[in-house]
Amino acid sequence: MSGIDFSVVWQAAPYLWAGLTFTLSLTVAAFLIGISVGTLLAIAQHLQVPVLAPLARIYVAVMRSIPLIMVLFWFFFLMPVVVGYVTGSPRPVPVGAHATAYITFGLFEAAYYCEIIRAGLRAVPRGQYEACRAMSMSPFLTYRLVILPQVLRAVGPIVLNQTIVLFQDTSLVYVLSLTDLLGAAAKMAQINGRLVEMYLAAALIYLVISTLASQIVTMLKRRSWR
Amino acid sequence: MMFRQTFLPVAVLAAIGLSSAAAAATLDKIKSTGTLTLGYRESSVPFSYLGADQKPVGLSIDLCAAVAEAVKAKLAMPGLKVAMTPVNASNRIPLIQNGTVDLECGSTTNTADRQKQVAFSVATFVSQPSWLTMAASGISDLAGLKGKTVVVTQGSLNYALAQKITKENNLDLVFVQAKDQAESLLMLRTGRAAGWFEDRILQAGLAASAPDPKAFKFLPGQFGGFDYYGLMFAKDDPDFKAVVDGAIRAQMASGAFAKLYEKWFTQPIPPNGQNLSLPMGEALRARVAAPSDALTP
Amino acid sequence: MFDLLFERAPDGRLYGEWLLSGLFWTLALAGLGWAIAFVVGVAVGVARTRAGGAAAVAARLYVELFRNIPLLVQLFLWYFVLPELLPAAAGTWLKQMPPPWGAFLPALLCLGFYTAARVAEQVRAGIEALPRGQGEAAAALGLSRATVFRRILLPQALRMIVPTLTSEVMNIYKNTSVALTIGVIELTAQARQISETTFQTFAAFGWATVIYLALALVAYQAMELVDRRLQIPGLQPARPAKLRARSLFARARSWFARARFVGAGERS
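Residues numbered from 1 in each chain as written. Chains lettered and ligands numbered in written order. Predicted model: local features only at pLDDT ≥ 70, side-chain atom pairs only at ≥ 80, totals over all residues. Heavy atoms only, no water.

1. Let's talk about the overall build of chain A
Okay, so step 1: Counting its regular elements, chain A contains 8 helices and 0 strands.
Okay, so step 2: Secondary structure elements of chain A, listed N to C terminal, follow the sequence α-α-α-α-α-α-α-α.
Okay, so step 3: On the principal axes, the C-alpha backbone points of chain A span a range of 75 × 55 × 25 Å.
Okay, so step 4: Split into buried and exposed, the 226 residues of chain A put 52% on the buried side.
Okay, so step 5: Put simply, of all contacts in chain A between residues at least 6 apart along the chain, 76% involve residues at least 24 apart.
Okay, so step 6: Carbon and sulfur atoms provide 70% of the accessible area of chain A, an area that totals close to 10100 Å².
Okay, so step 7: One finds the centroid of the 15 positive side-chain charges in chain A at a distance of 14 Å from the centroid of its 7 negative side-chain charges. (Helix = DSSP H or I, 4+ residues; strand = E, 2+ residues; numbered from the N terminus. Buried < 20%, exposed > 50% of the residue type's maximum accessible area, 1.4 Å probe, protein only. Contact = heavy atoms within 4.5 Å. Areas by Shrake-Rupley, 256 points an atom, 1.4 Å probe, with all protein chains shown as cover. Lys, Arg positive; Asp, Glu negative; His and termini not counted. Charge placed at Lys NZ, Arg CZ, Asp CG, Glu CD.)

See the structure below:
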């Protein structure tokens, strides 16, 4: 294994591109699922809805206490059982590996988004809730029209930073042998034997995308504070 | 928070109870759903792996096709749907136990311990572990490995056997463990390990698809007993086992199995046209003559 | 599920012992990794607060580099790529290191330096949150730069960021599981091994999960204590008041009361 030759990276480019596409779509899907579920969990806790609020707290605490790899394993076992139960099917329903990955990352990140949004909810002055109530707004409208727009704006940069972390975390699907960007690089390295070049290329792609994204977040933060 | 989290072990226990209670009659289930679900592995060459168009191919896949025909005949359902689900080392057991997958078409070794959890068909392949080294290292026999670092795949059943070999031959081997077979080969190729102890067929499959197949060398000699591979399904279901075994026995009796074996082990196979060049061994020949799921010859 | 712990493995030990040995390596990685992360993180964090100069630029580069590459990719760089880039003798020495150190050392360095970048950002935030006057006053008293940091700024900044540091400790503890990909047989890897050998997948992963959870629970409680002990009265950033532990019943009652109130408003 002598001499570094980056031309092998060009030969692998289509394969890496396919991997990157999966990484990005996984990030977007997990973000959408995560932010929706996370917001609901946060509101359930904020309103102290009976049964739901403690369940949400347990869920968040558990998700934040065990390694993501462990969570991935569990979801891959349990998803067919849960989907079978939810859809009312008498038996477990097979769920494809990609779909499982989307849902797993979405639900895992939901715990983290939930904590961010909950902190934002607590920062809204009590007077606003009281004012809404005085104006006879339903809790749903209060949250949709008054509270959430402010909260999402305030915690926006933190949410985006968490999403950059999520983008990096998706590389762990490698453990389940899915072909994301890292998986593609690893499989090419096994085929062509150039692991130095392939891993360096993968690292560089992650570095460029994450750095660009964090620069954009910093810019947004400055603009919204002025 | 303290008292809340004590719920979790309970939830975990509940999930386990759920999974083990699901051993139902497979044939009834197939009949009522109209679907037979086969599990396949994505990189178990040449038993069950993704071919050129990302469709599963391999010896076990072909055998499962025969089983599917037998199931159709048994249930008198010519229109039975056959669904293919990818499985991996981590999820195949839960998926079989909870009934997601009816039959795993892979390369799983039948052991007494594993039979407590799942059931196996009659043996479809007989494997022996062997030592793979780099040709350039100049190691030509077991003694050449003395004092060296060797790799065993995590979770491989060969680990205990390798430890026994090093003890009996005073080899003082040092063991590292890689995440999967592909990574074991990588350990060997990058010089982190001087030898790799694994089922020979798995080594042959990976080495054949490496960029430099000639760079590897098998050490001569036999190390330890036979491993019998089988198709895997839920345990305590004699009716389903009879259908699966019956289909494989028929293949073996008619000579179709021998043809399938030649197709996958002695001829160029997809996706790259490599040839494993592994003619059928004595042990498997014996099993083809007298099919059985016994664990010893 | 309980039987599994006391079943004998092919190597003569009990599966419970496999899990314990996995736990040992998990804790070793987390503990030693944290030591590296703390020392490097404080140094880099201090350098980040300098207005200019090579140290500030280097510190910034360090943080960007280690924060923007996924942990798993960094691990592969340490393990597979670094030995190939070093001079042949050093690379071979790294690769031939006897197990488990050959995998443990790269995993340890990787986790330590990765977490250090995150610690550095917390340290910087802590120092920058202190009133500027403090450093200036200390400098006016004739204290050297090093002394100002060591005696005045760092002690306050570190105590202020204890809550975020403790969550980094939890992160490194969870991140140790990534090391299984290069062959460190820590807790998650042991669970996988047991599952492969016995096929009792649920029990194997169930036990590992219970161990992770139990330890995290203990750690959270301990950290709460540490947080409270080390708070600086008046300097602590406003932390949300903890929700009082109310009974489920009381909570339900107040929720219904509120809901009724809102409902009544709608009708009028």
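2. Looking at helix α3 (residues 26-33) of chain B
Because each turn of an α-helix spans 3.6 residues, side chains separated by three or four positions in sequence point in the same direction.
Residue and element names in this part refer to chain B.
Okay, so step 1: Those residues of α3 that fall on the buried side of the exposure criterion are T26, L27, K29 and I30. Along the axis of α3, the buried residues cluster in a sector spanning 160 degrees; they form a single face. Turned more than 90 degrees away from the buried face of α3, the exposed residues are D28 and S32.
Okay, so step 2: Each element contacted by the buried residues of α3 is listed here: β1 (35-40), α4 (59-75) and α10 (238-254).
Okay, so step 3: Of the residues flanking the end of α3, it is G34, one or two places downstream, whose phi is positive at about 70 degrees. (Arc of directions from axis to C-beta.)

3. Some thoughts on the interface of chain B and chain C
By a frequent convention, interface size equals the accessible area lost on bringing the separate parts together.
Okay, so step 1: In this assembly, 40 residues from chain B lie in contact with 34 residues from chain C.
Okay, so step 2: Applying the counting criterion to the chain B and chain C interface returns 2 salt bridges.
Okay, so step 3: A salt bridge links E196 of chain C to R92 of chain B, with the nearest nitrogen and oxygen atoms 3.0 Å apart.
Okay, so step 4: Run the count over chain B and chain C and you get 8 residue pairs in polar contact (both at pLDDT 80 or more).
Okay, so step 5: When residues of the side of chain B that touches chain C are traced back to their parent elements, those giving at least two are α1 (2-5), α2 (7-20), α5 (92-97), α6 (112-115), β7 (118-120), α7 (158-168), β11 (174-178) and α8 (181-189) of chain B.
Okay, so step 6: Considering each element in turn, the side of chain B that touches chain C owes the most residues, 6 residues, to α2 of chain B.
Okay, so step 7: Looking at the side of chain B that touches chain C, its residues break down into 20 nonpolar, 13 polar and 7 charged. (Salt bridge = Lys/Arg side-chain N within 4 Å of Asp/Glu carboxyl O. Polar contact = N/O pair within 3.5 Å; in protein donor to acceptor, adjacent residues only side chain to side chain. Nonpolar A, V, L, I, M, F, W, Y, C, P; charged D, E, K, R; others polar.)

4. Considering the sheet that holds strand β4 (residues 56-57) of chain B
Residues and elements named next belong to chain B.
Okay, so step 1: Strand order in the open sheet made by the 3 strands is β2-β3-β4, with antiparallel pairing throughout. The sheet is open, and its two edges are formed by β2 (43-44) and β4, each paired on a single side.
Okay, so step 2: Here 2 bridges tie strand β3 (residues 48-50) to β4, and the two strands are oriented antiparallel to one another. Counted as the bridge partner of L50 is P56 from β4. (Pairing = 2+ DSSP bridges.)

5. Section: the UniProt feature "domain: ABC transmembrane type-1" (unreviewed entry) in chain A
Okay, so step 1: Residues given the UniProt feature "domain: ABC transmembrane type-1" (unreviewed entry) here are residues 20-217 of chain A.
Okay, so step 2: Regarding residues 20-217 of chain A, the helix share stands at 82% and the strand share at 0%, and the terminal C-alpha atoms are separated by 21 Å. (UniProt positions renumbered as here; feature names shortened; annotations may be inferred.)

6. So, the environment of L72 of chain C
Residue and element names in this part refer to chain C.
Okay, so step 1: In this fold, L72 is placed in helix α4 (residues 71-85).
Okay, so step 2: Judged by relative accessible area, L72 falls into the buried class, the value being 2%.
Okay, so step 3: The spatial distance from the C-alpha of L72 to the C-alpha of N175 is 9.4 Å, given a sequence separation of 103 residues.

7. Observations concerning the side chain of S121 of chain B
Okay, so step 1: Structurally, the position occupied by S121 of chain B is in the loop between β7 and β8 (125-127).
Okay, so step 2: Once residues lying within four places of it in the same chain are set aside, the contact partners of S121 of chain B are G230, L231, F233, K241, V244, D245, I248 and D293 of chain B.

8. Details of the interface of chain C and chain A
Okay, so step 1: Taken together, the contact between chain C and chain A spans 45 residues of the former and 43 residues of the latter.
Okay, so step 2: Roughly 4200 Å² is buried in total at the junction of chain C and chain A, and carbon and sulfur atoms are behind 72% of that figure.
Okay, so step 3: Taken together, chain C and chain A are joined by 0 salt bridges.
Okay, so step 4: Here chain C and chain A share 6 residue pairs in polar contact (both at pLDDT 80 or more) between them.
Okay, so step 5: Every element with two or more residues in the side of chain C that touches chain A is listed here: α3 (54-67), α4, α9 (162-175), α10 (187-198), α11 (201-230) and α12 (248-267) of chain C.
Okay, so step 6: For the side of chain C that touches chain A, the element with the highest residue contribution is α11 of chain C, accounting for 10 residues.
Okay, so step 7: Taken together, the residues of the side of chain C that touches chain A break down into 27 nonpolar, 8 polar and 10 charged. (Buried area = accessible area lost by both parts, 1.4 Å probe.)

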